[in-house]
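Here are the chains, one letter per residue:
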Amino acid sequence: MRKSYPSDISREQFEKIRPIPESSKKKTRPRKLDLYEVFCAVLYVLKSCCQWRMLPKDFPKWENIYYYFQIWSKKNGEKPSLLELVLKKTSWRDTAEEKGYDTGKKISGIKRHIAVDTQGLPHAIHITTAEATDRSSAVKMVKNAKANLSEVKNILVDAGYTGENFATQIKKTIGATVEVIKRSELHTFVVLPKRWVVERSFAWLEKYTLGLIIEADVHSANVQDRDGALDLFVQAKKKIPTLQKFFADQGYSGALQNNCFLKTRCLLTIAKKASDAVGF
């Protein structure tokens, strides 16, 4: 008897849709695997976005789960896959259909498209499901942010945006040319002109999200003392296990830094702020 997970559906629900996953394979001999457990394992991966090898050990072997996933997610022309049909029948939330499925990378989720200047500051952003192509999404983003991009003369993109049709649409929308920065054909490391800037901007967005979470906690807790600040650090560490450093003002220097490291294994850095400022 394995433990239950938030992504699970009940056996009663599964029995109602059992004929759909069973139809993927003819019964030539008794099935050794419990299809319910296999299906719940697939839901676990879709919900957690973990790697197949990282499936909890109380599920069947990940190789077997992945085998069934490949069969169930295979499409027949324009018809939806068996997995899509089952997810619709069960009304399961946070599905691959809602997020989209990237057939190239074999993952479900969303895509974030941003246009930044040479300093890495964003001027346009567009969110799509994973199956949307880079070129079509970029065109929509440019059209939506046409006013912000009216002064742009040249756009640097990677090889995923290659094509005359894309360049023509960009030229027609904002009058800018498209320059494709391709990887080195020699397969050696070279610094590509300005292509790294947008990747750095994505990194900034990820880091800033963590900062927003911590700062929101600080102000909601209305921390005025060191014990309260330490409790806040512990809570933040639990929420974000990957955190390695906290930032605080001069009012929290001294012994609190040592206590913070002992309890959270995070460094407490004192920033040069006004003495009455509370935050990170």
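Residues numbered from 1 in each chain as written. Predicted model: local features only at pLDDT ≥ 70, side-chain atom pairs only at ≥ 80, totals over all residues. Heavy atoms only, no water.

### A few points about unusual backbone geometry
Keep in mind that most residues, glycine aside, have a negative phi and that most peptide bonds are trans. With a phi close to 60°, Arg265 is a non-glycine residue in the positive phi region. Summarising the element assignment, Arg265 is placed in the loop between helix 11 (255–264) and strand 8 (267–270). Overall, Arg265 belongs to the exposed group, its relative accessible area being 55%. (Helix = DSSP H or I, 4+ residues; strand = E, 2+ residues; numbered from the N terminus. Buried < 20%, exposed > 50% of the residue type's maximum accessible area, 1.4 Å probe, protein only.)

### Describing a nonpolar patch on the surface
Taken together, Ile110, Ile125 and Ile127 make up a surface patch of nonpolar side chains, about 310 Å² in accessible area. With respect to the secondary-structure elements, Ile125 resides in strand 4 (residues 122–129). (Patch = residues over 30% accessible without salt bridge, like charges linked within 9 Å, V, L, I, M, F, W, Y side chains within 5 Å. Areas by Shrake-Rupley, 256 points an atom, 1.4 Å probe, with all protein chains shown as cover. Salt bridge = Lys/Arg side-chain N within 4 Å of Asp/Glu carboxyl O.)

### Concerning helix 11
Within helix 11, burial applies to Leu256, Cys260 and Thr264. Seen end-on, helix 11 carries its buried residues on one side only, within an arc spanning 40°. With respect to the buried face of helix 11, the exposed residues turned more than 90 degrees away are Asn258 and Leu262. Packed against the buried residues of helix 11 are helix 10 (226–239), strand 7 (245–248) and strand 8. Arg265 lies just past helix 11 and shows a positive phi near 60°. (Arc of directions from axis to C-beta. Contact = heavy atoms within 4.5 Å.)

### What about the nonpolar core?
Core analysis: the largest hydrophobic core is formed by 27 residues, its most contacted members being Phe39, Leu55, Trp72 and Leu83. Those elements giving two or more residues to this core turn out to be helix 1 (11–17), helix 3 (35–48), helix 4 (62–72) and helix 5 (82–90). Looking at which element gives the most residues to this core, the answer is helix 3, with 11 residues. With sequence-adjacent residues up to four places away left out, Leu55 is seen in contact with Ala41, Tyr44, Val45, Trp62 and Ile65. In this structure, Val139, Ala145, Phe166 and Ile174 belong to the second largest nonpolar core, which totals 15 residues. (Core = buried A, V, L, I, M, F, W, Y, C linked by side-chain atoms within 4.5 Å.)

### Here's the deal with the packing of helix 10 against helix 11
Between helix 10 and helix 11, the least distance of the axes is 10 Å, while the angle of their chain directions is 30°. When the axis of helix 10 is compared with that of helix 11, the two are roughly parallel. Crossing geometry of helix 10 relative to helix 11 is assigned as right-handed. Judged by residue contacts, Arg226, Ala229, Leu230, Phe233, Val234 and Lys237 of helix 10 engage Ala255, Leu256, Asn259, Cys260, Lys263 and Thr264 from helix 11. (Axes fitted to C-alpha atoms, helices over the stretch in contact; angles between N-to-C directions. Parallel < 35°, antiparallel > 145°, perpendicular 65-115°, else oblique. Left-handed = near helix turned anticlockwise from the far one by under 90°.)

### Here's the deal with the packing of helix 3 against helix 4
For any two helices packed against each other, the geometry is given by the interaxial angle and the distance between the axes. Between helix 3 and helix 4, the shortest axis-to-axis distance is 10 Å and the interhelical angle comes to 80°. What the angle tells us is that helix 3 and helix 4 run roughly perpendicular. The residues of helix 4 that touch helix 3, namely those facing Leu35, Val38, Phe39, Ala41, Val42 and Leu46, are Ile65, Tyr68, Phe69 and Trp72. Residue composition of the contact of helix 3 with helix 4, by class: 10 nonpolar, no polar and no charged. (Nonpolar A, V, L, I, M, F, W, Y, C, P; charged D, E, K, R; others polar.)

### Looking at the packing of aromatic side chains
Two measures describe an aromatic ring pair: the distance that separates the ring centres and the angle between the ring planes. For the structure shown, the criterion picks out 11 aromatic pairs. Ring geometry for Phe14 against Tyr36: centres 5.8 Å apart, planes inclined by 65°, an arrangement best described as edge-to-face. Of this pair, Phe14 sits in helix 1 while Tyr36 is found in helix 3, placing the two residues 22 residues apart along the sequence. Like Tyr36, Phe14 is buried. Consider the rings of Phe14 and Phe39, whose centres lie 5.7 Å apart with planes at 35°: the pair is tilted. Of this pair, Phe14 sits in helix 1 while Phe39 is found in helix 3, placing the two residues 25 residues apart along the sequence. (Phe/Tyr/Trp six-rings, centres within 6.5 Å; stacked < 30°, edge-to-face > 60°.)

### A closer look at the pattern of salt bridges
As enumerated under the stated definition, the model contains seven salt bridges in all. Between Asp34 and Arg11 there is a salt bridge; the shortest N-O distance is 2.6 Å. Of this pair, Asp34 sits in the loop between helix 2 (19–22) and helix 3 while Arg11 sits in helix 1, and the two are 23 residues apart along the sequence. One salt bridge in this structure joins Glu22 and Arg18, with 3.3 Å as the shortest N-O distance. In this structure Arg18 comes out as buried when scored by relative accessible area, which is 19%. When salt bridges that share partners are traced, they join Arg2, Asp8, Arg11, Asp34 and Glu37 into one network.

### Some words on the environment of Arg135
Checked against the element boundaries, Arg135 lands in helix 7 (residues 134–144). Sequence-wise, Arg135 and Ala167 are 32 residues apart; in three dimensions their C-alpha atoms are separated by 9.4 Å. Not counting residues up to four positions away in its chain, the partners in contact with Arg135 are Gly160, Tyr161, Thr162 and Phe166.

### A word on the confidence of the model for the protein
This prediction gives the protein a mean pLDDT of 78; 79% of its residues lie at or above 70. When mean pLDDT is compared element by element in the protein, helix 8 (residues 164–174) scores highest at 93, while helix 6 (residues 96–99) scores lowest at 52. Low confidence marks residues 215–222, where pLDDT is under 50. Its contacts with residues over four positions away, or in another chain, come to 10 contacts. Overall, residues 272–280 carries pLDDT values under 50, and its contacts beyond four positions in sequence, including any with other chains, amount to 24 contacts. (pLDDT = per-residue confidence, 0-100.)

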